[in-house]
Amino acid sequence: RALIALHKPAHTECSKKAKHHPSVYGLLPAPLLRRGVQAVGRLDEDTTGLLLFTDDGQLLHRWTSPKHHVPKVYDVGCRHPVDADARARLRAGVVLHDDPQPVAALAAEPWD
C-alpha cells in the first residue's frame, strides 16, 4: 500500500474536481494517481501543511471516519494576535461555513 506525505501549498484544492485553484492531485506523479491514492482529510485552499494520501481504504476509513474519533492537532499562525476571549470562543465551539454543527477545540494555547 502507498502512504504519501505531501506539503500542501497555498492556492491548491484537496479535490479531484477543483473549482477555483489547481488540485493537489496534480502534484502527484501519474503512477500514484493510477493506484487511486486519496487524500486523508483536507485542508482549505489557502492553508499550507502536511497532507497525507493513501490507497489503503481501511486505513483511510480508520483515520477519517468520525466514529473512530481520531484526534487532530492544528498548529496555526494568525495574522493578528488571538486573545484569551477568542481562544475561549474556540474552546466553546464555532460554526464553520460547511457544517451547521459547532466544532469545539479541546485546547487553544498561544505560542511565540
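Everything numeric here is computed off the predicted structure, so don't read it as measured data.

A. Spatial organisation of the packing of aromatic side chains. Here the structure, examined in full by the defined rule, presents one aromatic pair. Between Tyr25 and Phe53 the ring centres are 5.4 Å apart and the planes differ by 80°, which places this aromatic pair in the edge-to-face class. In this pair, Tyr25 is assigned in the loop between strand E1 (3-8) and helix H1 (30-35) and Phe53 in strand E3 (residues 49-54), connecting sequence segments 28 residues apart. Take Tyr25: its relative accessible area is 11%, and that puts it in the buried class. Sitting over the face of the ring of Tyr25, Lys16 holds its NZ or CZ atom 5.3 Å from the ring centroid.

B. Summary view of the sheet that holds strand E2 (residues 38-39). What the three strands build is an open sheet, ordered E1-E3-E2; its pairing is antiparallel. Two strands bound the open sheet, and with one partner strand each, they are E1 and E2. Bridge count for E2 against E3 is two bridges, and the pairing is antiparallel. Looking at the pairing, Gln38 lines up with Thr54 of E3. This element, helix H2 (residues 57-64), spans E1, E2 and E3 of the sheet and lies at about 140° to E3.

C. Structural context of the environment of Leu27. Along the chain, Leu27 turns up in the loop between E1 and H1. Judged by its relative accessible area of 43%, Leu27 falls in the partly exposed class. Remark: the alpha-carbon pair of Leu27 and Glu45, spanning 18 residues in sequence, is separated by 14 Å. When neighbours within four sequence positions are excluded, Leu27 is seen to be in contact with Leu6 and Pro9.

D. Region of the structure containing the environment of Pro81. Mapped onto the fold, Pro81 is located in the loop between H2 and helix H3 (84-92). As for Pro81 and Pro110, which are separated by 29 residues in sequence, their C-alpha atoms are 9.1 Å apart.

E. Quick look at the pairing of E3. Summarising the sheet, E1 and E3 pair through six bridges and their orientation is antiparallel. Paired with Leu6 across the strands is Leu51, a residue of E3.

F. Inspection of the confidence of the model for the protein at higher detail. Here the protein shows a mean pLDDT of 89. Residues at 70 or above account for 99%. Here strand E5 (residues 99-103) is the element of the protein with the lowest mean pLDDT, 85, and E1 is the one with the highest, 95.

Rules used in this analysis
Residues numbered from 1 in each chain as written. Predicted model: local features only at pLDDT ≥ 70, side-chain atom pairs only at ≥ 80, totals over all residues. Heavy atoms only, no water. Phe/Tyr/Trp six-rings, centres within 6.5 Å; stacked < 30°, edge-to-face > 60°. Helix = DSSP H or I, 4+ residues; strand = E, 2+ residues; numbered from the N terminus. Buried < 20%, exposed > 50% of the residue type's maximum accessible area, 1.4 Å probe, protein only. Lys NZ or Arg CZ within 6 Å of the ring centre and 35° of its normal. Pairing = 2+ DSSP bridges. Contact = heavy atoms within 4.5 Å. Axes fitted to C-alpha atoms, helices over the stretch in contact; angles between N-to-C directions. pLDDT = per-residue confidence, 0-100.

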